[in-house]
Amino acid sequence: MPISGPTSFLSTSDEFISHWGLANTTLGAGNEIVLIGGITLAMLVDKKDALVVKRTALASKLNLAELARADVEDRKTTLLAWASKFNDRVRALYSGKKWERALPVLPSITDGEGPFGDPMEDVATLWELLNLDATLPDLILVGGVTQAQFATERSAMRSAFSAWKAAVKVANFTLEERNDIQDVLYDMFKEYRKAVPGYFEKGAATLDSLPDLTPAPGSTPAPVQLSGGWNGQLGAV
């Protein structure tokens, strides 16, 4: 099948490998097709195998990035719920006092690392100051959550963000490595199509059965399922 996107490279590779093998058999031992630069059928097979390995690695890296993103979302959900309880508790205990006036405006769950993390820092700091006031009892949330627990979770969220960004970077790098392999394969396909007419007479079955590299004009590529979205936290799709 013609190249219609990343998912078609393996099937297209198989078509060219099969055709090249048949062509070599027709030409006979010692007359095999060799492309410019000394590229042989075995080299095409090796490059296709490398693509299989890289595609598997890419899927793994994307899964790791998604797991890291889920960890960030879980920690954000926990912190936002605790921060909301903290604000409610302070308003109930210290209405009209400096503690209430110092409460931060809480972020949205969809906010990025900075817009989300800064208010959490404010909560942790205010909570610590309140506990340091010798005239007041330590504030503990409904459910027994303490300031120390909040501070620990806040630090864990920062680490989770860092891990997520690192995982995305690794996934993107692996994607580019896969693309590099696909580019090499594409050039091999193109050079093979150019080379074959030099080995066979016009009208030969080997020429007439050359695999297509691009869809025919007016053809409709096979439909693919695609989903995506903008991630404001990482500034990426």
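Before reading on, note that the structure itself is shown above.
Residues numbered from 1 in each chain as written. Predicted model: local features only at pLDDT ≥ 70, side-chain atom pairs only at ≥ 80, totals over all residues. Heavy atoms only, no water.

*Asks:* Mind showing me how you'd approach the overall build of the protein chain here?
*Replies:* Helix and strand counts for the protein chain come out as six helices and zero strands. Starting at the N terminus, the α and β elements of the protein chain follow one another as α-α-α-α-α-α. Computed over the C-alpha atoms, the radius of gyration of the protein chain is 30 Å, more than 25% above the 18 Å expected from 2.2 N^0.38 for a compact globule of 237 residues. In terms of overall dimensions, the protein chain has a C-alpha envelope of 100 × 35 × 25 Å along the principal axes. Here the protein chain holds 237 residues, and the buried ones make up 35% of them. In the protein chain, the proportion of contacts linking residues at least 24 apart, taken out of those at least 6 apart, comes to 71%. Each charge class in the protein chain can be summarised by its mean position, and for the 23 positive and 29 negative side chains these summaries are 5 Å apart. (Helix = DSSP H or I, 4+ residues; strand = E, 2+ residues; numbered from the N terminus. Rg over C-alpha atoms; globule rule 2.2 N^0.38 Å. Buried < 20%, exposed > 50% of the residue type's maximum accessible area, 1.4 Å probe, protein only. Contact = heavy atoms within 4.5 Å. Lys, Arg positive; Asp, Glu negative; His and termini not counted. Charge placed at Lys NZ, Arg CZ, Asp CG, Glu CD.)

*Asks:* Can you help me understand the nonpolar core in this one?
*Replies:* Grouped burial of nonpolar side chains is what soluble globular proteins tend to show. Ranked by size, the top nonpolar core spans 29 residues in total, and within it Phe 86, Val 90, Met 120, Trp 127, Leu 139, Leu 141 and Phe 150 carry the most contacts. Of all elements in the fold, only α2 (41-93), α4 (113-132) and α5 (147-195) reach the threshold of two or more residues within this core. Ranked by residues supplied to this core, first place goes to α2 with nine residues. Non-local contacts of Phe 150, meaning those with residues more than four positions away in its chain, are made with Leu 79, Trp 82, Ala 83, Met 120, Val 123, Ala 124 and Trp 127. (Core = buried A, V, L, I, M, F, W, Y, C linked by side-chain atoms within 4.5 Å.)

*Asks:* It is not clear to me how helix α1 (residues 9-27) should be interpreted in this structure. Could you clarify?
*Replies:* Note on helix geometry: an α-helix contains 3.6 residues per turn, so any two residues three or four positions apart are oriented the same way. If you check α1, its first and last C-alpha atoms are 26 Å apart, about what 19 residues at 1.5 Å a residue would give, namely 27 Å. Buried residues belonging to α1 abut α2, α5 and α6 (205-208). Just downstream of α1 lies Gly 28, where phi reads positive at about 95°. (Expected span 1.5 Å × (residues − 1).)

*Asks:* Help me out: how do you make sense of the packing of α4 against α5 in this one?
*Replies:* Orientation of α4 relative to α5, taken along the N-to-C sense of each, is 160°, at an axis distance of 9 Å. By the angle between their directions, the pair α4 and α5 is classed as roughly antiparallel. Judged by the twist between their axes, the crossing of α4 over α5 is left-handed. Between α4 and α5, the contacting residues are Glu 113, Phe 116, Gly 117, Met 120, Glu 121, Val 123, Ala 124, Trp 127, Glu 128 and Asn 131 on the first element and Gln 147, Phe 150, Arg 154, Met 157, Arg 158, Phe 161 and Lys 165 on the second. (Axes fitted to C-alpha atoms, helices over the stretch in contact; angles between N-to-C directions. Parallel < 35°, antiparallel > 145°, perpendicular 65-115°, else oblique. Left-handed = near helix turned anticlockwise from the far one by under 90°.)

*Asks:* Hey, could you run me through the pattern of salt bridges in this one?
*Replies:* Pairing is possible between side chains of opposite charge, provided their charged atoms come close. The full count for this structure, using the stated rule, is ten salt bridges. Here Glu 121 makes a salt bridge to Arg 154, at a shortest N to O gap of 2.7 Å. Linking Glu 121 in helix α4 with Arg 154 in helix α5, this pair joins segments that are 33 residues apart in sequence. Several salt bridges converge on common partners, so that one network encompasses Asp 71, Arg 75 and Glu 153. (Salt bridge = Lys/Arg side-chain N within 4 Å of Asp/Glu carboxyl O.)

*Asks:* Sorry, what's going on with the packing of aromatic side chains here?
*Replies:* Where two aromatic rings form a pair, the distance of their centres and the angle of their planes describe that pair. Enumeration according to the criterion identifies seven aromatic pairs in this entry. Pairing Phe 16 with Phe 189 gives two aromatic rings, centres 4.5 Å apart and planes at 20°, and the pair type is stacked. Taken together, the residues span a long stretch of sequence, with Phe 16 in helix α1 and Phe 189 in helix α5 at a distance of 173 residues. Residue classification places Phe 16 among the buried residues on the basis of a relative accessible area of 1%. (Phe/Tyr/Trp six-rings, centres within 6.5 Å; stacked < 30°, edge-to-face > 60°.)

*Asks:* Looking at this structure, how should I read the side chain of Gln 182?
*Replies:* Structurally, Gln 182 can be placed in helix α5. Residue class for Gln 182 comes out buried when judged on its relative accessible area of 5%. Excluding its chain neighbours within four sequence positions, the residues that come into contact with Gln 182 are Pro 6, Phe 9 and Leu 51.

*Asks:* For this particular structure, what's the right way to read the environment of Phe 150?
*Replies:* One can find Phe 150 in helix α5. Sequence separation between Phe 150 and Ala 92 is 58 residues; the distance between their C-alpha atoms is 19 Å.

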